[in-house]
Amino acid sequence: MPIGAVVFWILALVTVGSAAVVVLARSLIYSAFALLFTFFGVAGLYVLLGADFLAATQLLIYVGGILVLLLFGVMLTHKIYDLDLRSEITQPWAGPLVAGGIFVILTAIAVQTEWATGAPRPPAPTTRTIGEMFMGPFLLPFEAASILLLVALMGAAMIVRRKKDA
Amino acid sequence: MITLPHYLVVSAALFSLGMLGILTRRNAVNVLMGVELVLNSANLNLVAFSRFGPGNLGGQLFAVFVIVIAAAEVAVALAIVLTLYRLRRTPNLDEADILKG
């Protein structure tokens, strides 16, 4: 088995396994830390796919930003001395049924379709090309995304502000 | 040889697990983690198609936008969860029935 395939299977196992822990763990803290490994696994898969810039972005924003925010969310919505941080399950039958059905359908589609794939491109640095595309043909969505981030920042601050300060 | 369907199956597994989290968890923060899994699986699909497809780097560019929107989404969603917790002293979604008439 070539080395690339071995790395792929290891990364796939880490990603899917830790994602299962995120969903199935009894404790919210376990879920949050398993999510860390899922994000690392997905970043590794990006590297395998030749997306170096995206892998770095994944680590910076997901691990450095979103995961920390989620941990803040876990800590702030529980009393600190409430150490078990349980998360209860609802829909114990319909939920797994729907999720399993979606997995079967998606896998069947992915395996049976004749994808029009070409030869994979040789790995090359992508950062420069992505930057030029942002500053060229994708300038309008780029600016729209920056406005979206500004609005989300102000909206989040607005929502959590206590009413008596207003 | 690792080809496109391998990545698609991994992405399908991530999507289904995220879906399971969204459907079965009561805690709002845990549901948000499920949403992050779903967004990551979509990103994995975009990057895989960008690699194996005939096109250019458009898929990776799209993935960057998805990451930006995920960051904005999680910030606003956590603000809502915190406000809900302040009002109701609970992070559970099924007890958030203030708007029910």
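Conventions and cut-offs
- Residues numbered from 1 in each chain as written.
- Chains lettered and ligands numbered in written order.
- Predicted model: local features only at pLDDT ≥ 70, side-chain atom pairs only at ≥ 80, totals over all residues.
- Heavy atoms only, no water.
- Domains from an automatic or database assignment.
- Axes fitted to C-alpha atoms, helices over the stretch in contact; angles between N-to-C directions.
- Helix = DSSP H or I, 4+ residues; strand = E, 2+ residues; numbered from the N terminus.
- Parallel < 35°, antiparallel > 145°, perpendicular 65-115°, else oblique.
- Contact = heavy atoms within 4.5 Å.
- Phe/Tyr/Trp six-rings, centres within 6.5 Å; stacked < 30°, edge-to-face > 60°.
- Buried < 20%, exposed > 50% of the residue type's maximum accessible area, 1.4 Å probe, protein only.

Draft legend 1. Inspection of the domain arrangement of chain A at higher detail. What the domain assignment lists for chain A is domain 1 (1-84) and domain 2 (124-166). Between the C-alpha centres of domain 1 of chain A and domain 2 of chain A the distance comes to 23 Å.

Draft legend 2. Broad picture of the packing of helix α3 (residues 52-76) of chain A against helix α3 (residues 58-88) of chain B. Following both chains from N to C, one finds α3(A) and α3(B) inclined at 5°, their axes separated by 10 Å at the closest point. Taken together, the axis directions place α3(A) and α3(B) in an arrangement best described as roughly parallel. Of the residues in α3(B), those in contact with A:Phe53, A:Leu54, A:Thr57, A:Gln58, A:Ile61, A:Tyr62, A:Ile66, A:Leu69, A:Leu70, A:Gly73 and A:Leu76 of α3(A) are B:Gln60, B:Ala63, B:Val64, B:Ile67, B:Ala70, B:Ala71, B:Val74, B:Ala75, B:Leu78, B:Leu82 and B:Tyr85.

Draft legend 3. Seen up close, the packing of aromatic side chains. With the rule as written, the count across this model stands at seven aromatic pairs over all chains. Their ring planes at 70° and their centres at 4.8 Å tell us that A:Phe8 and B:Tyr7 sit as a pair that is edge-to-face. Taken together, the residues span two chains, with A:Phe8 in helix α1 (residues 3-24) and B:Tyr7 in helix α1 (residues 4-24). Judged by centre distance (5.1 Å) and plane angle (45°), the rings of A:Phe134 and A:Phe142 are tilted. Assessed through its relative accessible area of 9%, A:Phe134 is described here as buried. Note on A:Phe142: relative accessible area 31%, which makes it partly exposed. Through a chain of ring-to-ring contacts, three or more aromatic side chains come together here, namely A:Phe8, A:Trp9, B:Tyr7 and B:Phe52.

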